[in-house]
Amino acid sequence: MGDQIQFIVEKLNQEPFRKNYNLITFDSLESMQLLQLLSDVLGEIDPKHAVDIREELPEQTAKRMLSLLGILKYKPPGSISDLSAFRQGLVTGSKPVVHPVLHWLLQRTNELKKRAYLARFLVKLEVPAEFLQDDTVADINKQYEELMEAFKNLHKECEQLKTSGLSTAEIRRDIGAMEEEKDQLIKRVERLKKRVETVQNHQRMLEIARQLRLEREREDSLAQQKQEQKNQLFHAEQRLQRAQLQLKEMHHAVVDSKPESLMKKLEEEINFNSYLVNEKIPRELESKKNSAYFLQKVVAEPAMSHSDLNVLEIKINEVNTQINQLIEKRMMKYEPIDSKFSMYRQQASIISRKKEAKAEELQAAKEEMASAERQMLQKTSQAHELEGSEVLKGDEFKQYVNKLRSKNTFYKKKRLEIAEITAEYGILQRTEELLKQRHEAIQQQLEAIEDKKGISGYSYTQEELERVSAVKSEMDEMKGRTLDNMSEMVKKLNTMVAEKKASLAPVIKELRQLRQKCQELTQECDEKKIQYDSCAAGLESNRSALEQEVKGLLEECVQEESNYRYINCMKRNLEILLQRAKEEMKAYVSPDPQERRKAIREQYTRMILEQEYLGKKLREKQKVVRESHGPNMKQIKMWQDFEQLMECKRECFLKQQNQMAIGQVIQEGGKDRLVL
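Residues numbered from 1 in each chain as written. Predicted model: local features only at pLDDT ≥ 70, side-chain atom pairs only at ≥ 80, totals over all residues. Heavy atoms only, no water.

Under the annotation held in an unreviewed UniProt entry, the chain carries the name Intraflagellar transport protein 81 homolog and is attributed to Balearica regulorum gibbericeps. Regarding the chain, the relevant UniProt record gives this comment under Sequence similarities (unreviewed entry): "Belongs to the IFT81 family." (UniProt positions renumbered as here; feature names shortened; annotations may be inferred.)

Shown next, in the form of structure tokens:
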């Protein structure tokens, strides 16, 4: 708990709160001050909640805070019984309730700001179903939902741009670097312009360079257009290949087919598509809409604790059991076991399920076939990119095999020729080695003979002399040409240097004067800078001291203003109470009976007298009821007995009437027999 309070104090002392609390002052805050502090923190998260709680009722304050905490998905500790205590503690400003809320809010302020901002646009307004029957209301509700979805998409794009790494600081740095490069390029262009101005026909050269640049840009654009056209041609070829493939498949399908089979296939496809459009897809769409609607309702509701979830699960189980019982009752009532329709219904349900399963299998097979066709097209396009050919079928494949066989025989012949050439190459290589060995042996014999004659190394020296003499003659020629070129170049350089010196002499004089002036200005700038730094340091220290003083005075002013408002409110309340007491005393002391009746004391005394009179009447009525209770009960018993007696008499009379009717029938039957 101490770490929690310390964390709260540290966060409140930082920006943007700057409360200057310590542990003692924070712990000594009263309930109203704590609630105001909580309202300030909530106002920092959502600016709509930045209000003074003294200007609203406690119930409004609690309701406002609870609604925002519900949107922020704050989960108070404890069970459902603790939730009522939490609400009561929030109304009264209890420290055990407010401190955890402050700790939770200050831990994740930025995240909660984002959540509160999104809640203003994503908390859906529940419109009753009877209002949605109106077309205008339904259209407006639909537009509202579409705008909400558009806001979601825009917010996601904004977050992706924020996290993509393109921060404003980096963009500003890039812009600054680009501006520096721009300045450098401008300076460089100016220097080049100054250099070029001394050259003859520089305007014509610039025009030629400009035309060259334009032609190069045009060449780049044409190359880009060529690349784009190549890509378009490649895509067109791919589309053509797909169309040709579809055409071949259609030809193969039409070759051995009859109109009856084609009509049958078309009818099957139409039946399947009509089943998908009329039965399956609407059912799936309705289920998806219902699930999306329930998910939106779940998202819009505030956060729920584990106890709430347990209660909901218990309710769901109870409802499911009730539904099962109702289904069993309905089946026992409308579908007896011996009914013949139950069997047909079961068969119909089984057939419908099989139909749905087969439709799903057919849809999956079609998707698999489409993916296989896409893969085949990709493979064919890759084969074309690698300078391959398309996949062959039927007669084309047989022709390709025959061509491969002929190439194979040709390859075998060439392979035999290569083997013969390699054998001959080996023989020649061996011959070369033997000749080298003979050359070395002859060379050794020649050296031995030269040693005997006393002229060893004669042949080698003679060869070297001939080679060196040839190289020397070539070098002499190159030196002569190089010396001539260098003398001409030195003359040209001397003339150019003399011209440049003559043209740069006045510029150098001006540059010396400017350098001297620049040194003087730099010295003066350094002195002014030292003076400015000392003055700025003094002003900065004075400013920081004044800021601290102003800050303290502002805080003191705010504190005094809050005290003034509190005292002013208390004063108003006391004045109102005093005014009411004076009016009551004036009315009570007044000799006018009409004024006395307005007094609260007189009103309460009249009410007390009326209640006493009413109580007296009720007691008298109770006494009368108690006295007449016994005789009334006896009278009720007598009437009940009389009713039973009359009922017995009625039954006896009915029986006697039935017996008399039977006797008359028997007598009439006897008379008829006697007559016969």
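A. Region of interest: the overall build of the chain. Each helix and strand counted, the chain has 18 helices and zero strands in total. Per-residue burial for the chain yields a buried fraction of 11% across its 676 residues. Here the chain has roughly 58400 Å² of accessible surface; of this, 58% comes from carbon and sulfur atoms. (Helix = DSSP H or I, 4+ residues; strand = E, 2+ residues; numbered from the N terminus. Buried < 20%, exposed > 50% of the residue type's maximum accessible area, 1.4 Å probe, protein only. Areas by Shrake-Rupley, 256 points an atom, 1.4 Å probe, with all protein chains shown as cover.)

B. Looking closely at the environment of Lys 297. Counting through the fold element by element, Lys 297 comes out in helix 12 (residues 259–300). The sequence separation of Lys 297 and Val 123 amounts to 174 residues, and the corresponding C-alpha distance is 9.7 Å.

C. A look at helix 4 (residues 58–71). In a regular helix each residue adds 1.5 Å, so 14 residues correspond to 20 Å; helix 4 covers 20 Å between its end C-alpha atoms and thus fits that length. Residues of helix 4 that are buried include every one of Thr 61, Ala 62, Arg 64, Met 65, Leu 68 and Leu 69, and no others. Looking down the long axis of helix 4, one finds its buried residues gathered within 165° of arc, a one-sided arrangement. Opposite the buried face of helix 4, by more than 90 degrees, sit the exposed residues Glu 59 and Lys 63. (Expected span 1.5 Å × (residues − 1). Arc of directions from axis to C-beta.)

D. Broad picture of the packing of helix 3 (residues 31–45) against helix 6 (residues 95–107). For the pair helix 3 and helix 6, interaxial distance at closest approach is 11 Å and the crossing angle is 20°. It follows that helix 3 is roughly parallel to helix 6 by the angle criterion. In terms of crossing hand, the pair formed by helix 3 and helix 6 is left-handed. Between helix 3 and helix 6, the contacting residues are Leu 34, Leu 37, Leu 38, Val 41, Leu 42 and Ile 45 on the first element and Lys 95, Val 98, His 99, Val 101, Leu 102, Leu 105 and Leu 106 on the second. In terms of residue class, the contact of helix 3 with helix 6 is built from 11 nonpolar, one polar and one charged. (Axes fitted to C-alpha atoms, helices over the stretch in contact; angles between N-to-C directions. Parallel < 35°, antiparallel > 145°, perpendicular 65-115°, else oblique. Left-handed = near helix turned anticlockwise from the far one by under 90°. Contact = heavy atoms within 4.5 Å. Nonpolar A, V, L, I, M, F, W, Y, C, P; charged D, E, K, R; others polar.)

E. A look at a nonpolar patch on the surface. A cluster of nonpolar side chains, Ile 600, Tyr 604, Met 607 and Ile 608, forms an exposed patch at the surface whose accessible area comes to about 400 Å². Relative to the elements of secondary structure, Met 607 occurs in helix 18 (residues 600–675). For Met 607, a relative accessible area of 46% gives the class partly exposed. (Patch = residues over 30% accessible without salt bridge, like charges linked within 9 Å, V, L, I, M, F, W, Y side chains within 5 Å. Salt bridge = Lys/Arg side-chain N within 4 Å of Asp/Glu carboxyl O.)

F. Representation of the nonpolar core within the structure. Judged by nonpolar contacts, the single largest core of 31 residues is most densely connected at Leu 12, Phe 26, Leu 38, Leu 69, Leu 72, Leu 102 and Leu 105. Breaking this core down by element, the ones donating at least two residues are helix 1 (2–13), helix 3, helix 4, helix 5 (80–92), helix 6 and helix 7 (109–122). With sequence-adjacent residues up to four places away left out, Phe 26 is seen in contact with Ile 5, Ile 8, Val 9, Leu 12, Tyr 21, Leu 34, Leu 37, His 99 and Leu 102. (Core = buried A, V, L, I, M, F, W, Y, C linked by side-chain atoms within 4.5 Å.)

G. Structural detail: the state of the cysteines. In the structure shown here, the tally under the stated rule is zero disulfides. The thiol sulfur of Cys 652 is not disulfide-bonded, and the nearest other cysteine sulfur, from Cys 648, lies at 6.6 Å. (Disulfide = S-S within 2.5 Å.)

H. Fine view of a positive patch on the surface. A cluster of basic side chains, namely Lys 187, Arg 188, Arg 191 and Arg 195, defines a positive patch on the protein surface. Mapped onto the secondary structure, Arg 188 falls in helix 10 (residues 168–197). Taking relative accessible area as the criterion, Arg 188 reaches 53% and is therefore assigned exposed. (Lys, Arg positive; Asp, Glu negative; His and termini not counted. Charge placed at Lys NZ, Arg CZ, Asp CG, Glu CD.)

I. Broad picture of the pattern of salt bridges. Inspection of every chain in the model, using the stated rule, returns 13 salt bridges. Note that Glu 44 and Lys 113 form a salt bridge whose closest N and O atoms lie 3.2 Å from each other. Residue Glu 44 is found in helix 3, and its partner Lys 113 is found in helix 7; the two are separated by 69 residues along the sequence. Between Glu 417 and Lys 414 there is a salt bridge, and its shortest N-O distance comes to 3.8 Å. One end of the pair is Glu 417 and the other is Lys 414, both in helix 15 (residues 395–453) and three residues apart, which spans about a single turn. The partly exposed category is assigned to Glu 417, whose relative accessible area is 40%. Overall, Lys 414 belongs to the partly exposed group, its relative accessible area being 37%.

J. Summary view of the confidence of the model for the chain. Summing up the model confidence of the chain, the mean pLDDT is 78 and the portion of residues at 70 or higher is 87%. When pLDDT is averaged over each helix and strand of the chain, the minimum, 70, is found for helix 17 (residues 593–598) and the maximum, 83, for helix 18. (pLDDT = per-residue confidence, 0-100.)

K. Summary view of helix 3. With 15 residues, helix 3 extends 21 Å from end C-alpha to end C-alpha; this agrees with the ideal 21 Å at 1.5 Å per step. Residues of helix 3 that are buried include every one of Leu 34, Leu 35, Gln 36, Leu 37, Leu 38, Ser 39, Val 41, Leu 42, Gly 43 and Ile 45, and no others.

L. Structural view of the side chain of His 155. Its place among the elements puts His 155 in helix 9 (residues 135–163). In this structure, His 155 is in contact with Lys 114 and Leu 118, ignoring residues within four places of it in sequence.

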